[in-house]
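# Tertiary structure, described
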Amino acid sequence: MAETGRLRHAAVAAPLISQVTLLRIVIILGVLAAWEFLAHSGWLYRDVVPSLLAIGRALIKLLSDRNYYFNLGVTAAEIGTALAIGGSAGLAVGLLLGGNRFLSKAFEPYLYYLGPTPKIIFFPVMIMWFGVGPESKVALGTLSCFFPVALNVAAGMRQIDKVLIRVGHSFRASTWQMVQKIYLPAMRHPIINGVRLGFGFALIGTLLAETKLSNKGIGFLIIQTYSVFDMPGMYAMLIVLFVLAIGANALIGRLGGLENIKRN
Amino acid sequence: MTMVASPPAISRRDYSAALVGLGSFIAFLLFVEALIRFGFLNRFIVPPPSEIVMSFGRLFAEENIVHRFFFTAGECLLAGVMVTIFGISIGVIMQRFDLLRRACETWVAAFASAPLVLTYPLFMVIFGRNAWTIIMMGFLSALPPVILKTIEGISGTRKVLVNVGRSFNLTPGQQFWKILFPAALPTIFVGIRLGLIFALINIVGTEFLINFGGLGQLINDLAERYDLSGTYAAICFVILVSVVFFIALEKAERWLRPVD
C-alpha cells in the first residue's frame, strides 16, 4: 500500500525534463554561445574558430556531396578489410595463447608490450612492403587492430569456466568442436570487446595513414581541408567522423550485449 | 590469521617458456637474415637484421638520437604534468557535484573512444607546426582516462574510512586531503598510467605525421631519405623506449598498490 502510494507520488512529482537532461542542455548551449562569442571576438586568427552558421553550412554541403560518400566508402572498405584480417589473425593467435599456458608464457609478453606502441611509425615500412595505395593503409589498420583482439581473446579464454571445458572433454569433442561449441560461445563478450577496441585502433591507424600519404579516403579529405585552410569544412568533417566512430563503437558494444554485462 | 600475498614463485617451466620465446625471436631474425642473404627477400625492402643492429651506432653518432629522445620525453613529461593537474581537478569537481557527474560522465567516456588524434591538423592551425601541437595531442588523448579513474577512485573510497573522517569532525577540505585523495591515489595512478601511454603513442605519432620534434620525426626523416636500415633501427629504438616506459609505469603502479 505504502509502496503504491510512493510510486504514485513519484509519478506525479516526476518533472518533464530531468535535472541531468536540463544540465546537459545548459552545458551544450553554454559551449555553443562561448564558441559563437569566440568566433566574433577577433581574439584568434580569422576563421580558426568559424561561426556556427559557417560550420552548419559546411556540414550540409559535406553531407550532400557525393564525393564525400565515395571517400567514406573507401575508408570504410579499408577499415573493414583491416578489421577482418587483423581480427581473424588476432582471434587465432588469442585462442592459441589462451589455450596453452606454455605458449602464453613464451610469447604473450611480446604482444603485451608491443600492443600499446605507436603503430603509425610502421607506416614507412608498410609503404615499402605494400606500396602507396590502399594496401598500405589496410596493412597499418590490420597491425593496429591485431594486438587488442589477440590479447582480449587470450585473456577471455583463460577465464572460461573450467566446468564447461570438462563437459566438452567428457563428450570427447574434437579440437574444432571445442572451439566451435565451447570456447567461442563462452568468450563472446571478450571477443566483442576485443573487436570493439580493434575497430577503434584500425580506424585510427587507417585514417592517420590516409592523412600522411593518400589521394582518397576521409583522412585525405581532412588533410585537404587543412591544405586549403577550409576550417568550417575541417570542423564539419571531424564532427561527422566523431559521430560515426562513437556510434559504430556503441553499436558493436550493443550487438555484443556489453550493455547487459555492465547492468548485471 | 593474517593473509600476506607472497610473490608468485617463478617455476623452471616459466624460465623455459621465456627462453623459448626469446629463442624463437632470435631464430626468426636469423631466418630473415638468411632469406635476404640468399636472395629470397629483397634487401631494398627489408634490410638484413645485422645491418639494422649496426645502424644503431649511426643513430647515436649522426642523428642526435639522445637529444631527440629527451625532446620527446620532455613533451611527454609536460603533457603528463598537464593531464595530472587538469584531469584530477576535473575528476574531483565532477565527483563533488553528483549532477555534473551524471550529466557529463558518459560524454567523457565517449570522448575517450573518439579518434582524437585525427584533430592534429586543427591543432596545427591553432598552434602552428611546433611542439605545442604535439603536447596538446598527447594531453587531449590522456585526459579521459585520468578523469574517469579519478571519479572511480574517489567514489570507491571505503565507507568506513569516510565515517572515520566524519567522526573526527573533519572539514570537507580535510576529508578530501586526509581520507578521499590518499584512498583514491592507487586508482588515480591507473588512470595516469593509461593516460601517459596514450600520450606517448599520440606524441610520437604526431611527431611522425607533422615531421617535427624528436623520435617520430627521426623515423620520418630517415624514411624520406630512404635510409632503410636507419628507419628500421629508429623504429626498433622507439619500440624499446615505449616498452621500457610501460614497464617503469607498471612497476610504479605495483609500488603504489602492493596488495591487490
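All residue numbers refer to positions counted from 1 along the written sequence of the respective chain. In the order they appear in the text, chains get letters beginning with A and ligands get numbers beginning with 1. With pLDDT at 70 or above as the cut-off, local features in this predicted model cover only qualifying residues; side-chain atom pairs require 80 or more to be listed or tallied, and sums for whole chains, interfaces and linings still use all residues.

### A short note on the overall build of chain A
Keep this limit in mind: Numbering of helices and strands starts at the N terminus; helices are DSSP runs of H or I of at least 4 residues and strands are runs of E of at least 2. With C-alpha atoms as the basis for the radius of gyration, the globule rule is written as 2.2 Å multiplied by the number of residues raised to the power 0.38. Burial is judged by counting the other C-beta atoms within 10 Å of a residue's own C-beta: 20 or more makes it buried, 12 or fewer makes it exposed, and any count in between marks it as partly exposed, with every C-beta position built from the backbone. Contact criterion: two residues are in contact if their C-beta atoms, reconstructed from the backbone, are within 7 Å.
Broken down by element type, chain A carries 13 helices and 0 strands. In chain A, the succession of helices and strands from N to C terminus is α-α-α-α-α-α-α-α-α-α-α-α-α. In terms of overall size, chain A is more extended than a compact globule, its C-alpha atoms giving a radius of gyration of 24 Å where 264 residues would be expected to give roughly 18 Å. The principal-axis extents of the C-alpha atoms in chain A amount to approximately 75 × 75 × 30 Å. With 264 residues in all, chain A has 39% of them scored as buried. Relative to all contacts within chain A whose residues are 6 or more apart in sequence, the contacts with residues 24 or more apart total 76%.

### Side note on the domain arrangement of chain B
By a widely used convention, the size of an interface equals the accessible area lost when the partners come together. Operational definition: Just so you know, the domain bounds were taken from an automatic or database domain assignment.
With domains assigned, chain B is organised as domain 1 (17-46) and domain 2 (57-256). Look at where the C-alpha atoms of domain 1 of chain B and domain 2 of chain B centre, and you get two points 35 Å apart.

### Considerations on the interface of chain B and chain A
Cut-off, in case you're wondering: The classification used treats Ala, Val, Leu, Ile, Met, Phe, Trp, Tyr, Cys and Pro as nonpolar, Asp, Glu, Lys and Arg as charged, and all other residues, Gly among them, as polar.
Counting residues at the interface gives 39 residues for chain B, matched by 42 residues for chain A. At the level of elements, helix 1 (12-37), helix 4 (98-113), helix 5 (120-127), helix 8 (172-210), helix 9 (215-224) and helix 10 (228-256) of chain B are the ones that each hand at least two residues to the side of chain B that touches chain A. When residues in the side of chain B that touches chain A are grouped by element, the largest group, 7 residues, is from helix 10 of chain B. Broken down by class, the residue content of the side of chain B that touches chain A amounts to 29 nonpolar, 7 polar and 3 charged.

### Observations concerning helix 6 (residues 131-155) of chain B
All names here are of chain B. We apply this condition: To estimate how far a helix should reach, multiply one less than its number of residues by 1.5 Å. Given a residue, its bend is the angle between the two axes fitted to the seven residues that end at it and to the seven that start from it.
The end-to-end C-alpha distance of helix 6 is 36 Å, a good match for the 36 Å that 25 residues give at a rise of 1.5 Å each. At Leu-143, helix 6 is deflected by roughly 35°, the largest bend along its length, and proline Pro-144 occurs up to four residues later in sequence. Within helix 6, 22 of the 25 residues are buried, which leaves the element mostly enclosed by the surrounding structure.

### Considerations on the environment of Phe-220 of chain A
Residue and element names in this part refer to chain A. Its place among the elements puts Phe-220 in helix 11 (residues 218-227). Since 19 C-beta atoms lie within 10 Å of it, Phe-220 is described here as partly exposed. Each C-alpha atom, one on Phe-220 and one on Ile-239, is 16 Å from the other, the two residues being 19 residues apart in sequence. Among all residues touching Phe-220, those that are not within four sequence positions of it are Asn-71, Glu-210, Ser-214 and Asn-215.

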